[in-house]
Amino acid sequence: QISNGITVEDWFSLLDVTQPAAVHLLIALNGAAGGVFNVLVDNTTGFIYVRAYDKVTRAYTQTLVNNQVNWTGGAWFHIALTLTETTWQVYVNAGSFTGASGTCNLAPNWYQLSFNGQASRFGTGAMWKGVISQAVLFPAVLPQTRIVTHYWASLNALSATDAASN
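Overview of the structure. (Residues numbered from 1 in each chain as written. Predicted model: local features only at pLDDT ≥ 70, side-chain atom pairs only at ≥ 80, totals over all residues. Heavy atoms only, no water.)

## Thoughts on the pairing of strand β7 (residues 87–92)
For β7, the buried fraction is high: 5 of the 6 residues fall into the buried class. Bridge count for strand β6 (residues 76–83) against β7 is 5 bridges, and the pairing is antiparallel. Each bridged residue has a counterpart across the sheet, and for L81 the counterpart in β7 is V90. In textbook terms, the turn of a hairpin is the stretch between consecutive antiparallel strands, and for β6 and β7 this stretch comprises 3 residues. In this structure, β7 lies alongside strand β8 (residues 101–103), joined through 3 bridges in antiparallel fashion. Note on β8: the bridge partner recorded for W88 is G102. (Buried < 20%, exposed > 50% of the residue type's maximum accessible area, 1.4 Å probe, protein only. Helix = DSSP H or I, 4+ residues; strand = E, 2+ residues; numbered from the N terminus. Pairing = 2+ DSSP bridges.)

## Some words on the pairing of strand β5 (residues 60–66)
The pairing of strand β4 (residues 48–53) with β5 spans 6 bridges and is antiparallel. Its bridge partner being in β5, I48 is matched across the sheet by N66. Between β4 and β5, which pair antiparallel and follow one another directly, the connecting turn spans 6 residues, one of which, R58, has a positive phi of 60°.

## With respect to the sheet that holds β7
Pairing in this open sheet of 5 strands is antiparallel, and the strands run β8-β7-β6-β1-β10 from one edge to the other. In this open sheet, the two strands that pair with only one neighbour each are β8 and β10 (130–138). When strand polarity is set aside, the average angle formed by the axes of neighbouring strands in this sheet is 15°. Relative to β10, strand β1 (residues 6–14) runs antiparallel, the two being bridged by 7 bridges. Among the inter-strand pairings, E9 is bridged to a residue of β10, identified as V136. (Axes fitted to C-alpha atoms, helices over the stretch in contact; angles between N-to-C directions.)

## Some points on the pattern of salt bridges
Scanning the entire structure with this criterion turns up 1 salt bridge. A salt bridge links E85 to K55, with the nearest nitrogen and oxygen atoms 3.8 Å apart. With E85 in the loop between β6 and β7 and K55 in the loop between β4 and β5, the pair connects residues that are 30 residues apart, well separated along the chain. Overall, K55 belongs to the partly exposed group, its relative accessible area being 39%. (Salt bridge = Lys/Arg side-chain N within 4 Å of Asp/Glu carboxyl O.)

## Digging into the nonpolar core
Soluble, globular proteins show a tendency: their nonpolar side chains are buried together. If you look at the biggest cluster of nonpolar residues, it comprises 27 residues, and the most contacted ones within it are I27, F37, V39, I79, L83 and W88. The set of elements that each furnish at least two residues to this core consists of β1, β2 (23–31), β3 (34–42), β4, β6 and β7. (Core = buried A, V, L, I, M, F, W, Y, C linked by side-chain atoms within 4.5 Å.)

## Digging into the side chain of T82
Along the polypeptide, T82 turns up in strand β6. Relative accessible area serves as the criterion here: at 7%, T82 is assigned to the buried category. Excluding residues that lie within four positions of it along the chain, T82 makes contacts with I6, T7, T87, W88, Q89, Y91, V141, L142 and I147. (Contact = heavy atoms within 4.5 Å.)

## A few points about the side chain of T7
Position of T7 relative to the elements: it lies in strand β1. Judged by relative accessible area, which is 0%, T7 ranks as buried. Among the polar contacts listed, one links the side chain of T7 to the backbone nitrogen of L142, at a separation of 2.8 Å. Every residue in contact with T7, bar those within four places of it in the chain, is listed here: L81, T82, V136, L137, F138, A140, V141, L142 and I147. (Polar contact = N/O pair within 3.5 Å; in protein donor to acceptor, adjacent residues only side chain to side chain.)

Listed below in structure tokens is the structure:
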């Protein structure tokens, strides 16, 4: 339930740069009628978008939120999404920037949260050849200071894991 707000955080890494050109689904919340809210990345440009379903108009709005994702093989990037029924905020690598927040008109209930593509009848977005790490859902809107803390702790852990595997 998003009426009280939620925060979703995840790390993404592309494994194969030979993926087909597409807009890939990173994070999806689905309701009974389909996609409620999506975070997507265009693998040809690195642009990150959000798409929100309006419960009254039954239409989607799509917003460009970032064009600086390092979408190269092996690079990790962190996405945090804070969401209520009426507002959203996306942080990329713990940073907030112009255009990365907005308003929405979402239904309070959803039943599925998915990462790294979507192979169901709901929403759009191709599966992509990558990995996720440390996916987490918080039942509250976290402040940016806490997202920054999570980012640095996770980045250090991912860096240590990468160094140990080389």
